[in-house]
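Spelled out from the first residue to the last, the chains are:
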Amino acid sequence: MQKELITDATLVSSYIKGQESALEILIKRHKQKIYSFIYSKVYDKDVAEDIFQDTFIKIIKTLKRGTYNEEGKFLPWVMRIAHNLVIDFFRKSNRMPKFDNTGEFSIFSVLSDSALNAEKSIIKAQVENDVRRLVEELPEDQKEVLMMRMYNDMSFKEISDRTGVSINTALGRMRYALINMRKIIEKHNIVLTD
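Residues numbered from 1 in each chain as written. Predicted model: local features only at pLDDT ≥ 70, side-chain atom pairs only at ≥ 80, totals over all residues. Heavy atoms only, no water.

A. Quick peek at the overall build of the protein. A tally of regular secondary structure across the protein gives nine helices and zero strands. Taken from the N to the C terminus, the helices and strands of the protein come in the order α-α-α-α-α-α-α-α-α. For the protein, the proportion of its 194 residues judged to be buried stands at 37%. (Helix = DSSP H or I, 4+ residues; strand = E, 2+ residues; numbered from the N terminus. Buried < 20%, exposed > 50% of the residue type's maximum accessible area, 1.4 Å probe, protein only.)

What follows is the structure, encoded as structure tokens:
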């Protein structure tokens with residue numbers, strides 16, 4: 001059987017059963033996409049190489065532990081690991097990643113595979129649920145301002161009129177809402193990706 005005809009799921013299964021060469025095929029098959037994605041965020045060959053290596057170390061550990069259960073979604077799973085390691089790198093180095101606001105950092109723009117639309121929807125729904133849970137943890141006055149601003153697209157003047165507080169108070173509540181959400185994210189080590 002030709003290597004190209006063997007699915008990722010079969011290769012993963014073979015590797016878990018002890019066939020080391022299966023992982024080599026998987027790495028060769030996806031190296032370009034994964035490495036290109038990492039490099040497009042860090043713009044540094046050495047750092048990209050390190051993160052690429054770390055990605056596969058994490059994959060190997062997960063597969064060896066027997067905790068892999070992505071049901072044939074090997075590449076999206078690997079890209080999420082790479083994405084999280086890129087975020088960890090920036091967190092440790094206190095630098096902001098080079099994500100532009102066009103959504104280019106989405107792993108799906110790198111994969112450009114229509115079969116991944118369902119996966120994208122699932123992850124998007126998961127992120128929305130995570131954000132909703134974060135918002136629920138906020139004090140009532142902060143939650144109210146955040147909901148009006150983010151979900152109802154109201155101006156701070158409109159929020160001020162609706163809530164009966166000054167514009168400065170509304171701005172302050174929004175600021176504290178964002179600070180508190182950041183604290184909750186860090187406390188629970190949540191990675192919000194879309």
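Once you've had a look at it, read on.
B. Molecular detail of the nonpolar core. Within the largest apolar cluster, 32 residues are counted, with the highest numbers of intra-cluster contacts made by Ile 34, Ile 38 and Val 42. Those elements that provide at least two residues to this core are α1 (8-16), α2 (20-42), α3 (45-65) and α4 (74-93). For this core, the element with the most residues is α4, which contributes eleven residues. Setting aside its immediate chain neighbours within four residues, Ile 34 contacts Phe 52, Phe 56, Leu 75, Val 78, Met 79 and Ala 82. With 15 residues, the next largest nonpolar core counts Met 154, Ile 159, Val 165 and Ala 177 among its residues. (Core = buried A, V, L, I, M, F, W, Y, C linked by side-chain atoms within 4.5 Å. Contact = heavy atoms within 4.5 Å.)

C. Expanded view of the packing of α1 against α2. Where α1 contacts α2, the axes come no closer than 7 Å and their chain directions differ by 145 degrees. By crossing handedness, the relation of α1 to α2 is classed as left-handed. For the pair α1 and α2, contact is made by Asp 8, Leu 11, Val 12, Ser 14 and Tyr 15 and by Glu 20, Ala 22, Leu 23, Ile 25, Leu 26, Arg 29 and His 30, respectively. Split by residue class, the contact of α1 with α2 holds seven nonpolar, two polar and three charged. (Axes fitted to C-alpha atoms, helices over the stretch in contact; angles between N-to-C directions. Left-handed = near helix turned anticlockwise from the far one by under 90°. Nonpolar A, V, L, I, M, F, W, Y, C, P; charged D, E, K, R; others polar.)

D. Molecular detail of the side chain of Lys 143. Inspection of the secondary structure puts Lys 143 in helix α7 (residues 140-151). Ignoring anything within four residues of it in the chain, the contact list for Lys 143 reads Val 135, Glu 136 and Leu 138.

E. Just a negative patch on the surface, in detail. A surface patch of negative charge is lined by Asp 44, Asp 46, Asp 50 and Asp 54. Locating Asp 50 in the fold gives a position in helix α3. (Patch = residues over 30% accessible without salt bridge, like charges linked within 9 Å, V, L, I, M, F, W, Y side chains within 5 Å. Areas by Shrake-Rupley, 256 points an atom, 1.4 Å probe, with all protein chains shown as cover. Salt bridge = Lys/Arg side-chain N within 4 Å of Asp/Glu carboxyl O. Lys, Arg positive; Asp, Glu negative; His and termini not counted. Charge placed at Lys NZ, Arg CZ, Asp CG, Glu CD.)

F. Representation of the packing of α3 against α4 within the structure. Contact pair α3 / α4: the axes reach a minimum separation of 9 Å and the direction vectors enclose 125 degrees. Taken together, the axis directions place α3 and α4 in an arrangement best described as oblique. Seen along the crossing, α3 lies across α4 with a hand that is right-handed. Residues Val 47, Ile 51, Asp 54, Thr 55, Lys 58, Ile 59, Thr 62 and Leu 63 of α3 pack against Phe 74, Trp 77, Val 78, Ile 81, Ala 82, Leu 85, Val 86 and Phe 89 of α4. Its residues placed into classes, the contact of α3 with α4 shows twelve nonpolar, two polar and two charged. (Parallel < 35°, antiparallel > 145°, perpendicular 65-115°, else oblique.)

G. Spatial organisation of unusual backbone geometry. Of note, the phi angle at Tyr 43 is positive, near 50 degrees, even though the residue is not glycine. Tracing the chain through its elements places Tyr 43 in the loop between α2 and α3.

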